[in-house]
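# A structural walkthrough
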Amino acid sequence: MATQIFSFEFFPPKSEETAEKLRQAWNTLLPLGPKYCSVTFGAGGSTQQGTYETIKELVQRGVDAAPHLSCIGSTKSNIREILQRYRDAGVHRIVALRGDMPSGMQEAGEFRHANELVAFIRSETGSHFHIEVAAYPEVHPQAANAQVDLKNFKRKVDAGANAAITQYFFNPDAYSAFVDASTKLGITVPIVPGIMPITNYSQLARFSDACGAEIPRWIRKRLESFGDDRAAIKAFGLEVVTHLCEKLLAGGAPGLHFYTMNQAEATTALWRNLKLDAR
Ligand code: FAD
């Protein structure tokens, strides 16, 4: 089996205080040796500059850093400029996304879907960037149906994506069925599961509603039963997500991409439980 890839995702901090907390999280997480670290990007929003600044700090720390780049609402010249800035900063990876239209923003811009962004990055920069795209084992919330969504995923791969990171999920069967269906369609790039640690039930429920990720009923019920007992939620969450990751890796997943939420504790605990240092 090819080497499995383990990566971490962060979001740009909004204040000097949260930037300092992120640096503290890095002090714990970066020595674990992830293959690369990605930083999210807010479509049309103020976090765009934050992504760049955060990426620059990671590069300075010697990390293979991957900015997320969403194209909705953007022009080609705007994306061209961003790509050049990243090239100048020594970046070789990009997570290419459509993004979601920010509320109040009307113009879709010059890109409609992520496959157009992937094609544009390839036409502008050749093979300079290793491109990751998003994939949805539980189907993108706006997709007409699962088959259409899968074909749209293939468009991104055909446009030149090297790999995919999935939306998070808690049902390993959703992932294996998605990988099987992708393989049948001729998709051969690695599809790396996105892993969301469970630390806070109300936040997780909110995110999951927004992005179409399902929290299985038995997990919801158990989490609800803990009420405000944060320690019990974290302990149960760690157990559930550890088992999920174990199943995924045993089933041949090409790696794991951890949504760290800028916190070191949960990802470090998962890393230790999975004995990833020994890999
Ligand atoms: P697309 O691949 O364009 O798909 C979006 C929808 O359009 C799907 O329903 C698809 O079936 C359909 N579609 C795709 N191509 C076509 C086509 N050619 N013709 C017709 N229909 C099509 N959001 C952010 O704002 N910032 C981030 O940093 C960010 N990071 C993310 C990281 C990961 C790993 C994931 C899984 C999601 C991330 N998102 C981020 C959320 C993402 O932007 C949203 O899920 C968005 O709604 C879709 O982006 P996409 O790149 O998957 O879009």
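It should be noted that the structure appears before, not after, this text.
We now turn to the structure provided with this report. (Residues numbered from 1 in each chain as written. Predicted model: local features only at pLDDT ≥ 70, side-chain atom pairs only at ≥ 80, totals over all residues. Heavy atoms only, no water.)

## Re helix 4 (residues 114-125)
Using the following cut-off: By the criteria applied, helices consist of DSSP H or I runs no shorter than four residues and strands consist of E runs no shorter than two, each listed in order from the N terminus. By this rule, a helix spans an expected 1.5 Å times one less than how many residues it contains. Residue burial is assigned from relative accessible area. The probe radius is 1.4 Å, only protein chains are included, and a residue is buried under 20% of its type maximum, exposed over 50%, and partly exposed in between. Two residues qualify as a contact provided that any one of their heavy atoms is within 4.5 Å of a heavy atom in the partner residue.
For helix 4, built from 12 residues, the straight-helix expectation of 16 Å at 1.5 Å per residue is met to within 8% by its first-to-last C-alpha distance of 16 Å. Within helix 4, the full set of buried residues consists of Ala114, Leu117, Val118, Phe120, Ile121, Arg122 and Thr125. On the buried face of helix 4, the contacting elements are strand 3 (65-70), helix 3 (76-88), strand 4 (93-97), strand 5 (130-135) and helix 5 (146-158). Residue glycine 126 follows helix 4 closely and has a positive phi angle near 55°.

## Focus on the site of the ligand
The condition is simple: Near is defined per residue: the residue qualifies when any heavy atom it owns lies within 4 Å of the molecule or strand. For the purposes of these results, a polar contact is taken to be a pair of N or O atoms within 3.5 Å, where, inside protein, one atom must be able to donate a hydrogen and its partner to accept one; residues adjacent in sequence count only when each atom of the pair is a side-chain atom. Per-residue and other accessible areas were derived by the Shrake-Rupley procedure at a 1.4 Å probe size, with only the shown protein chains allowed to occlude residues. Polarity classes work like this: nonpolar for Ala, Val, Leu, Ile, Met, Phe, Trp, Tyr, Cys and Pro, charged for Asp, Glu, Lys and Arg, and polar for all others, with Gly in that last group.
Looking at the ligand, there are 23 residues lining it, with Phe41, Asp100, Tyr136, Asp149 and Lys156 nearest. Within the backbone of phenylalanine 41, one N or O atom sits 2.5 Å away from a nitrogen atom of the ligand. Histidine 68 has a polar side-chain atom sitting 2.9 Å from a nitrogen atom of the ligand. Relative to its unbound accessible surface of 960 Å², the ligand loses 85% to contact with the protein. For the shell around the ligand, the elements supplying multiple residues, two or more each, are helix 4, helix 5 and strand 6 (163-166). If you tally residues by element for the shell around the ligand, the top one is helix 5, at 4 residues. Split by residue class, the shell around the ligand holds 8 nonpolar, 10 polar and 5 charged.

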